[in-house]
2 protein chains.
Amino acid sequence: MRTTIKEHRARLNLTQEQLAEKVGVRRETIVFLEKGKYNPSLRLARDISIALGVSIEELFLFDDEEKKHYASGDDLDMVHIVPVDAGNAERYVELVEALANFEHLDPPGEEGRARLISDASSADRPFRAFLAMVEGVAVGYVTYFFTYSTFLARRTLFLEDIFVLEEYRGRGIGTKLFRFCVDEAKREGCGRMEWTALDWNEPAHRFYEGFGAKRLDWYLFRLTGDDLDAIQ
Amino acid sequence: MRTTIKEHRARLNLTQEQLAEKVGVRRETIVFLEKGKYNPSLRLARDISIALGVSIEELFLFDDEEKKHYASGDDLDMVHIVPVDAGNAERYVELVEALANFEHLDPPGEEGRARLISDASSADRPFRAFLAMVEGVAVGYVTYFFTYSTFLARRTLFLEDIFVLEEYRGRGIGTKLFRFCVDEAKREGCGRMEWTALDWNEPAHRFYEGFGAKRLDWYLFRLTGDDLDAIQ
């Protein structure tokens, strides 16, 4: 896919940073976009078209060959799922931070970062984590662990995090990560997979419902640090 | 506490079973009530008073000595929390079934029952479970395990089940089990405690909010057996 973003940006004397700010993404996203390295979400395409005052069709140029390539799933053959270990735990933590930012939640602080790196790469790790690699770059990840259902009397695979960087979405990488977890749940004899999604994250709800997942009539409760400490 | 339930029941020619059905509890609950062995919920007391056509005050007779005893917390000193092991795992499973019935959910089937007993008492158990014992009888239980928060980079104590038989409610046994888990979370350096409650279970919501717990803006999703198997 080619784009004319760079030309239209030049016409308006906008830097990559300024355009990124206008449409609410990181500068790297504009860099990747201009290199034609990915297929943005329709919403982002529309935001950029409004920011630059040109139609989506003028901005994004597909040729038929490329469409065919995209639809063929060849892209997904280039996605490799690798376990998090001491060598890539730093990158894993960066992606955890990117997810926290996306969810408007607090990412791990400095000490948390160190603990997460240590926990992710320890032999006795309290979770399992995998990275989605594209051309040697980690562009997404999953974190899961096993819980237990006393009613089924079987373990449950609980999906704590699943995330793909915005500039790599729309290629099926999230689906590949999710299926990876489904396979793991089956391999481990789990009776269920469970996870949570923020109530406002409708694309996530649609994504999960597409796999046949059901939303449950359960409320989730939490006691955090200070409230927990206050209980004598 | 004494009650005149037996006398009023005789007057109306009702069996324990029939009264139990009228007020929506198990026969054992009426048996325990008539023996003066517990302090029922106000709601149950009211339902019985309506079923028998007498006031709550006529049905339930407290003397001051007994009220003082109850308020002093001596009752709670009689509650002992003991780990589930091979010797009491059968009773643990019975209580799990009682919770499933209370929640209108499917209890473990025959195979599930066997798996749960084996899992509960295995050295490498996938959860931790404890019973609340009163005078040698297991009247409630908790089940929990540890999950993990990548954003806090700490383990979370996840409370899967907490349950007290109806005829033992109102004595603080649930609170004692919950505090037991809070202590465990602190001892294990957890950053959080989390659990779920059915959306209709308002007494549970109030119970948890009394500890300062917050309801989260997250939806819970699940893929169960058949839907999980269907994903290729």
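This structure is a prediction, so every number in the text was calculated from the model and none was measured.

Enquirer: Pulling in residues and values, what's your account of the nonpolar core?
Expert: Formed by 57 residues in total, the largest nonpolar core has its most connected members in Tyr92(A), Leu159(A), Ile173(A), Phe178(A), Met193(A), Trp195(A) and Tyr208(A). Contact partners of Ile173(A), with chain neighbours within four places excluded, come to Leu76(A), Val79(A), Ala132(A), Val134(A), Val139(A), Val164(A) and Tyr168(A). In terms of nonpolar packing, the next biggest core, distinct from the first, is built from 55 residues, Ala138(B), Tyr144(B), Ile162(B) and Val164(B) among them.

Enquirer: I'd like to hear about the domain arrangement of chain A, residue by residue, with values.
Expert: The domains assigned to chain A are domain 1 (5-71) and domain 2 (76-220). Measuring from the centre of the C-alpha atoms in domain 1 of chain A to the corresponding centre in domain 2 of chain A gives 28 Å.

Enquirer: Account for the relation of the copies chain B and chain A, with residues named and values stated.
Expert: Mapping chain B onto chain A calls for a rotation angle of 180° and an axial translation of 0.0 Å; the resulting RMSD is 0.2 Å. The superposition operator between the copies reduces to a two-fold rotation axis. The residues that chain B uses at the interface reappear at the interface of chain A in 100% of cases, marking a shared surface.

Enquirer: Please set out the interface of chain B and chain A residue by residue, giving values where relevant.
Expert: Taken together, the contacts link 66 residues of chain B with 66 residues of chain A. By the criterion of area lost to chain A, the three top residues of chain B are Phe151(B), Phe221(B) and Arg222(B), representing 15% of everything that side buries. At the surface where chain B touches chain A, the tally comes to four salt bridges. Lys214(A) serves as the salt-bridge partner of Asp227(B), at 3.3 Å between the closest nitrogen and oxygen. Our count for the chain B to chain A interface comes out at 33 residue pairs in polar contact (both at pLDDT 80 or more). Broken down by class, the residue content of the side of chain B that touches chain A amounts to 34 nonpolar, twelve polar and 20 charged.

Enquirer: Now, about the sheet that holds strand β4 (residues 128-134) of chain A: what can you tell me, with residues and values included?
Expert: With respect to topology, seven strands assemble into an open sheet ordered β3(A)-β4(A)-β5(A)-β6(A)-β7(A)-β9(B)-β8(A), the strand pairing being mixed. Bordering the open sheet on either side are β3 (79-83) and β8 (214-215) of chain A, each of which pairs with just one other strand. Relative to strand β5 (residues 137-149) of chain A, β4(A) runs antiparallel, the two sharing seven bridges. Bridge pairing in β5(A) links Ala132(A) to Gly140(A). Where helix α10 (residues 173-187) of chain A meets the sheet, it contacts β3, β4, β5, β6 (154-164) and β7 (192-198) of chain A together with β9 (218-224) of chain B, and its direction lies at approximately 165° from that of β6(A).

The rules behind the values
- Residues numbered from 1 in each chain as written.
- Chains lettered and ligands numbered in written order.
- Predicted model: local features only at pLDDT ≥ 70, side-chain atom pairs only at ≥ 80, totals over all residues.
- Heavy atoms only, no water.
- Core = buried A, V, L, I, M, F, W, Y, C linked by side-chain atoms within 4.5 Å.
- Buried < 20%, exposed > 50% of the residue type's maximum accessible area, 1.4 Å probe, protein only.
- Contact = heavy atoms within 4.5 Å.
- Domains from an automatic or database assignment.
- Least-squares fit on C-alpha atoms with pLDDT ≥ 70 in both.
- Buried area = accessible area lost by both parts, 1.4 Å probe.
- Salt bridge = Lys/Arg side-chain N within 4 Å of Asp/Glu carboxyl O.
- Polar contact = N/O pair within 3.5 Å; in protein donor to acceptor, adjacent residues only side chain to side chain.
- Nonpolar A, V, L, I, M, F, W, Y, C, P; charged D, E, K, R; others polar.
- Pairing = 2+ DSSP bridges.
- Helix = DSSP H or I, 4+ residues; strand = E, 2+ residues; numbered from the N terminus.
- Axes fitted to C-alpha atoms, helices over the stretch in contact; angles between N-to-C directions.

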